[in-house]
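Next come the chains, spelled out residue by residue.
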Amino acid sequence: MKKNLTLHNDEIDLAEILQTLWSGKKIIIIITFFSIFTAIGYIYQKPSSFRSSLIINQTTSSQFIKFLPLIDFLTETDQIKEGTPSAGEELVNSKQILDRFTSEIIDYDEVIAVLKNTEIIKKKISQLSEKDQLDVLYNFAQLLTLNKGKKNDEIILEFIWPNKIESRYIIEQIMKLTLVNVKKTFFSDVVDYLKIKKNKIMTTDFKRIEFLKEQSSIARGLNLAESEETNFIYYDRNNLSLNITQDPAYYLRGHRAIDKEIDLIKERKYGNFAELEKLINILKTTETKWVEYNIFLLKTKSLNYSKAEILMASIVLGLIIGGIYVLISNRLLVSKSARTKKTN
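Residues numbered from 1 in each chain as written. Predicted model: local features only at pLDDT ≥ 70, side-chain atom pairs only at ≥ 80, totals over all residues. Heavy atoms only, no water.

Chemist: Mind laying out a nonpolar patch on the surface, listing which residues take part and the relevant values?
Modeler: Together, Met312, Val316, Ile320, Ile324, Ile328 and Leu332 make up an exposed nonpolar region whose accessible area comes to about 570 Å². If you trace the backbone, Leu332 turns up in helix α13 (residues 307–343). On the basis of relative accessible area, Leu332 is assigned to the exposed category, the value being 57%. (Patch = residues over 30% accessible without salt bridge, like charges linked within 9 Å, V, L, I, M, F, W, Y side chains within 5 Å. Areas by Shrake-Rupley, 256 points an atom, 1.4 Å probe, with all protein chains shown as cover. Salt bridge = Lys/Arg side-chain N within 4 Å of Asp/Glu carboxyl O. Helix = DSSP H or I, 4+ residues; strand = E, 2+ residues; numbered from the N terminus. Buried < 20%, exposed > 50% of the residue type's maximum accessible area, 1.4 Å probe, protein only.)

Chemist: Please set out the nonpolar core residue by residue, giving values where relevant.
Modeler: Ranked by size, the top nonpolar core spans 50 residues in total, and within it Ile56, Phe67, Phe101, Leu115 and Leu194 carry the most contacts. Sort the elements by how many residues they give to this core and helix α10 (residues 164–221) lands first, with 10 residues. Not counting the four nearest positions on each side in its chain, Leu115 is found in contact with Ile121, Phe140, Ala141, Phe159, Trp161 and Ile170. One finds Ile209, Leu212, Ile258 and Ile265 within the second-largest nonpolar core, a separate group that totals seven residues. (Core = buried A, V, L, I, M, F, W, Y, C linked by side-chain atoms within 4.5 Å. Contact = heavy atoms within 4.5 Å.)

Chemist: Quick one: what's the story with the packing of aromatic side chains, residue by residue and with numbers?
Modeler: This model, assessed by the stated rule, comprises 12 aromatic pairs. Note on Phe159 and Trp161: the rings are 5.5 Å apart at their centroids and 20 degrees apart in plane angle, and the pair reads as stacked. Each member of the pair, Phe159 as well as Trp161, carries the same accessibility label: buried. Ring centres of Phe211 and Tyr250 lie 5.9 Å apart, and the angle between their planes is 50 degrees; on these two criteria the pair is classed as tilted. On the criterion of sequence distance, the pair formed by Phe211 in helix α10 and Tyr250 in the loop between β5 (240–242) and α11 (255–266) is long-range, its members being 39 residues apart. By relative accessible area, Phe211 is classed as buried at 14%. On the accessibility criterion, Tyr250 (1% relative accessible area) is buried. (Phe/Tyr/Trp six-rings, centres within 6.5 Å; stacked < 30°, edge-to-face > 60°.)

Chemist: Before we move on, can you summarise the environment of Val316 with the specific residues and values?
Modeler: Mapped onto the elements, Val316 comes out in helix α13. Placed 281 residues apart in sequence, Val316 and Ser35 show a C-alpha to C-alpha distance of 9.1 Å.

Chemist: Which residues make up helix α9 (residues 130–141), and what values go with them?
Modeler: In this model α9 runs 16 Å from its N-terminal to its C-terminal C-alpha over 12 residues, within 8% of the 16 Å that 1.5 Å per residue would give. When we look at burial in α9, the residues that qualify are Val136, Leu137, Phe140 and Ala141. Taken around the axis of α9, the buried residues stretch over an arc of 135 degrees, which confines them to a single face. When the buried face of α9 is taken as reference, the exposed residues oriented beyond 90 degrees from it are Lys131 and Asn139. The elements touched by buried residues of α9 are α7 (109–115), α8 (119–125), β2 (144–148) and β3 (154–161). (Expected span 1.5 Å × (residues − 1). Arc of directions from axis to C-beta.)

Below, the structure written as structure tokens:
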């Protein structure tokens, strides 16, 4: 009998709970309405947030067909090992251009240049010092990230911003500005490399002239005006070969021929470099699609819960809190009543 009584006392009386909840329905409704009003306030006060994503791919190789004369020249003048890409191939290929684009955009210079002209940023930094302005700008700039795509030749640009329409405009401007700078740095590197190649060739010519002057002097000292030898054998470590360039006995050609060669080298105009410079100037004005993307395929997703989801959650939460409050209040009243009876 005692065991049965204990079990009966420990059981939950569902009917009693439902009756208690029904009796406290007004309190539950009030708490639920309070929860709904709180949710409505949250909806209208919490700023919106959107994540926009844009897929960027390597451009097609056909975009660089017009660069072939430049690539060929750099390849011809490079002494490289077999299987190693030349300077021209390193500078002008789709993968290197995409890497250049990535490096350009993640330094955040272009991002900051665009963001500081938005109304949101203007309000935030208008009263700040220059240093604090930079801190704010770099914090906002980091809302833009670059991630690897599913394919090896693509990256995904992601940007979080409170305004969906403005987010697209910002991304579009960042892309345009970044591509402008990619073009500038690319042609700057090409021009610098050509200068290095030209200086290298001119240095080689200078050394050649110095060598020829020495050989001419020797020929004059020996009264060799004309060539005494048309060909002479030069021993190479691996084989015998004809050599009429840097051989120590080059003076045997006679000082007249040597002096003529000196004059010809001095008169060189390096016309191939002049032609390449003209080609580069033309390429600068030619439209080139450096990377592949379509701003109309920009995907934007809200990072906020929908209004319906928030309201539904607030109703459920209000009912739960209201129900718990009514049950606990009723339990406390019952316990207090029982203690009062015992006291009496």
